[in-house]
Amino acid sequence: MNLESLLQDRLAPALEAVAGHPVDPAVRSSPHADFQSGAPLALARELGRPPREIAAEVAALAEAELAGVAEIAVSGPGFLNLTVSDKLLTASLRELAIDGRLGVPVAAAPRRVVIDYSGPNVAKEMHVGHLRSTIIGDALARMLAWLGHDVVRVNHLGDWGTPFGMLVEHLLDSGGDAEHSISDLTAFYQAARVKFDTDDDFRTRARLRVVALQSGDPRSRELWRTLVAQSERYFLDVYERLGVTLGPDDFAGESRYQDDLDAIVAELGEKGLLTESDGALCAFPAGFTGRDGVPLPLIVRKADGGYGYAATDLAAIRHRAGTLGGQRLLYVVGNPQQVHFAMVFAVARAAGWLPDGVSAEHIGFGSILGADGKMLKTRAGDTVKLAALLDEAVLRASAPTIGIGAIKYADLSGDRRGDYVFDLDRMLAITGNTGPYLQMAYARICSIFRKAGSEPDPAAVTEQALTAGRLEPALTVARPGCEPAVVEPAERALAITLLGFEAAVTAAAGQAEPHRLAVYLHDLAQAFSVFYERCPVLRAGPDVRGSRLGLAALTARTLHTGLFLLGIAAPEEI
Ligand code: ARG
């Protein structure tokens, strides 16, 4: 049972009686009491009466409803403090302890959610922007799938466009064997680029090659495909290293939509949504203006007849909502593309490709900065290679799970919209809001169970094998003899935090904000550490020891599941 909603229900009639209409009880867990409601403050403004007076009136009226459930008291300027009875807390906790899903129900109305994430570019090294998209997108995919939604992962690979003329031509010049000539993707790309910029003959060949490629010339296509395949292998290696659930079947690059682009133009034209501007075909969605109030164009077809990034995204959105039946479309792409997506969504909406009930959301994120507060660059001023970054973290942490976990957690633990500084010292610290801190907290609980011997079997508590495909943590529930109970204040605080898991997961997935879950896990680890400091577990008498082991087991399970949903491994020993 959800304590928060239970308390809301009990408080609602009293609030309604005082207000004369239904009022949101706004019950939240609080550092000042178990739970707190600020509803009287809002009501006081509405009724023009002193807030403490309102709070006292509500408290008096609610007392009967709350009997046996919680104590109610007026506090501060007019808050209501709610202190849940030990009995109710214990009962709620025991319910949680035998629930394999830790109180998180499967969505009553599952939706098909299409998540566009990672989206690196072929023949180019992934950079830190792709790192963020990959990590955030994967956390969202994991959470939404666990909540029972039907998640479709889409890796919108940049695998098409003018650079491929030069890349294919360069591949031919180097013997045509991608595996041999492109061990270093960046070097390959840069060599092609240099030739393109300095060699007239090469430039002409590259331009002709684009035309050949786009008109389906078999040899050109074959060479292009080897390039794409080579890059895909490289990206899959990175995903595996990162523990990201994107697989070979999730690649759906820009090239997939090429055959739809003429139809996109035709449909938009029929609906009167296209305007010619300097030879280009543009859509001008309402409400988008640049400086001086000039309407902003979304260029659907360029003056030379070619299609670009926007056209492909229009075809992709039509495919995702139409063919794939997506009901919620997420695009995990950096903040700079915010206007692009807002315009694509507006045009798709106007064209009828995004019907009512289908949402499209740009899940933007900030940049990773260097110590100087500017975009992360190498000392030589180049963009930082992802692999180098991961290598360094793993080296410094001297274990892949810790190093990778630290990078991922640092990316997920702050509001995604903000920038953050890439600082390995901070990320790898074992204190503070870091991945290693949470991994340590989990490992520490596992060691308590190792010391406790056979009760309960530590493996039964901590084993979280992946079953049923990519995303089901197998949760083992607590053993008899270890039913948790709460008496001490530190036990109560831990219990209330444990009961907040559902709210944290739901908020993180619903608002596409993984940091809500990360912050929760950090709070949980802290609540456990206070509990462990104040309440002896192994040295306690048999009853208390069982109960406290039960609390520890539930904490371990919650930490492990939460970290799993963020995509972070939690080893039993560090
Ligand atoms: N390849 C793009 C880039 O590197 C990201 C693709 C994002 N997804 C999309 N549907 N446009 O910036």
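The sections below set out a description of the structure shown in this document.

Conventions used here
Residues numbered from 1 in each chain as written. Predicted model: local features only at pLDDT ≥ 70, side-chain atom pairs only at ≥ 80, totals over all residues. Heavy atoms only, no water. Pairing = 2+ DSSP bridges. Helix = DSSP H or I, 4+ residues; strand = E, 2+ residues; numbered from the N terminus. Axes fitted to C-alpha atoms, helices over the stretch in contact; angles between N-to-C directions. Contact = heavy atoms within 4.5 Å. Salt bridge = Lys/Arg side-chain N within 4 Å of Asp/Glu carboxyl O. Buried < 20%, exposed > 50% of the residue type's maximum accessible area, 1.4 Å probe, protein only. Near = heavy atom within 4 Å. Polar contact = N/O pair within 3.5 Å; in protein donor to acceptor, adjacent residues only side chain to side chain. Areas by Shrake-Rupley, 256 points an atom, 1.4 Å probe, with all protein chains shown as cover. Nonpolar A, V, L, I, M, F, W, Y, C, P; charged D, E, K, R; others polar. Right-handed = clockwise from strand over helix to strand, strands pointing away. Phe/Tyr/Trp six-rings, centres within 6.5 Å; stacked < 30°, edge-to-face > 60°. Lys NZ or Arg CZ within 6 Å of the ring centre and 35° of its normal.

What to know about the sheet that holds strand 6 (residues 150–154)
To summarise the sheet geometry, strands pair through backbone hydrogen bonds and adopt either a parallel or an antiparallel arrangement. Read across the sheet, four strands follow the order 6-5-10-11 without closing on themselves; strand pairing throughout is parallel. Both outer strands of the open sheet, strand 6 and strand 11 (359–363), are each paired with one neighbouring strand and no more. Strand after strand, the sheet turns through a mean of 20 degrees between neighbouring axes, direction not considered. By the bridge criterion, five bridges tie strand 10 (residues 328–332) to strand 11 in an arrangement that is parallel. Across the sheet, the residue bridging to Leu-329 is Ala-360, located in strand 11. Helix 5 (residues 128–146) rests against strand 5 (112–116), strand 6, strand 10 and strand 11 of the sheet, and its axis sits at about 155 degrees to strand 10. Helix 13 (residues 338–351) contacts strand 10 and strand 11 of the sheet and is inclined by roughly 175 degrees relative to strand 11.

Re the pattern of salt bridges
Using the criterion set out here, one finds 26 salt bridges in the structure. Linking Asp-116 and Arg-320 is a salt bridge whose minimum nitrogen-to-oxygen distance equals 2.8 Å. Residue Asp-116 is found in strand 5, and its partner Arg-320 is found in helix 12 (residues 309–323); the two are separated by 204 residues along the sequence. Taking relative accessible area as the criterion, Arg-320 reaches 1% and is therefore assigned buried. Arg-417 is the partner of Glu-513 in a salt bridge, and the nearest nitrogen-oxygen pair spans 2.8 Å. Of the two residues, Glu-513 sits in the loop between helix 20 (501–510) and helix 21 (515–534) while Arg-417 sits in the loop between helix 15 (400–412) and strand 13 (420–421), which places them 96 residues apart along the sequence. A network of salt bridges, in which partner residues are shared, links Glu-169, Asp-173, Lys-195, Asp-201, Arg-205, Arg-209 and Asp-217.

Observations regarding the sheet that holds strand 4 (residues 79–84)
A sheet is described by the order of its strands in space; here four strands give the open sequence 1-2-4-3, paired in antiparallel fashion. The sheet is open, and its two borders are formed by strand 1 (27–29) and strand 3 (70–75), each paired with just one other strand. Adjacent strand axes in the sheet meet at a mean angle of 30 degrees, parallel and antiparallel pairs treated alike. Looking at chain direction, strand 1 and strand 2 (residues 35–37) are connected through three bridges and run antiparallel. Bridge pairing in strand 2 links Val-27 to Ser-37. Contacts from helix 3 (residues 51–66) reach strand 3 and strand 4 within the one sheet, and its direction differs from that of strand 3 by about 175 degrees.

Overview of the site of the ligand
Every residue close to the ligand is listed here: Asp-116, Gly-119, Asn-121, His-130, His-156, Tyr-309, Asp-313, Tyr-331, Val-333, Gln-337 and Phe-341. The contact in question runs from a nitrogen atom of the ligand to an N or O atom on the side chain of Asp-116, over 2.8 Å. Gly-119 is positioned with one of its backbone polar atoms (N or O) 2.8 Å from a nitrogen atom of the ligand. Within the complex, the protein chains bury 87% of what would otherwise be the 350 Å² of accessible surface of the ligand. Taken together, the residues of the shell around the ligand sort by class into four nonpolar, five polar and two charged.

Some details on the pairing of strand 6
Examined bridge by bridge, strand 5 and strand 6 share five bridges and lie parallel to one another. What sits directly across from Ile-115, in strand 6, is Arg-153. Assessed by its sense of winding, the connection that carries the chain from strand 5 through helix 5 to strand 6 is right-handed.

Looking at the packing of aromatic side chains
Within the structure shown, the criterion is met by nine aromatic pairs. Through a chain of ring-to-ring contacts, three or more aromatic side chains come together here, namely Trp-146, Phe-501 and Tyr-520. When the ring centre of Trp-146 is taken as reference, the NZ or CZ atom of Arg-101 above it lies at 4.3 Å. Across the ring face of Phe-564, the terminal group of Arg-142 is positioned such that the distance to the ring centre comes to 5.1 Å.

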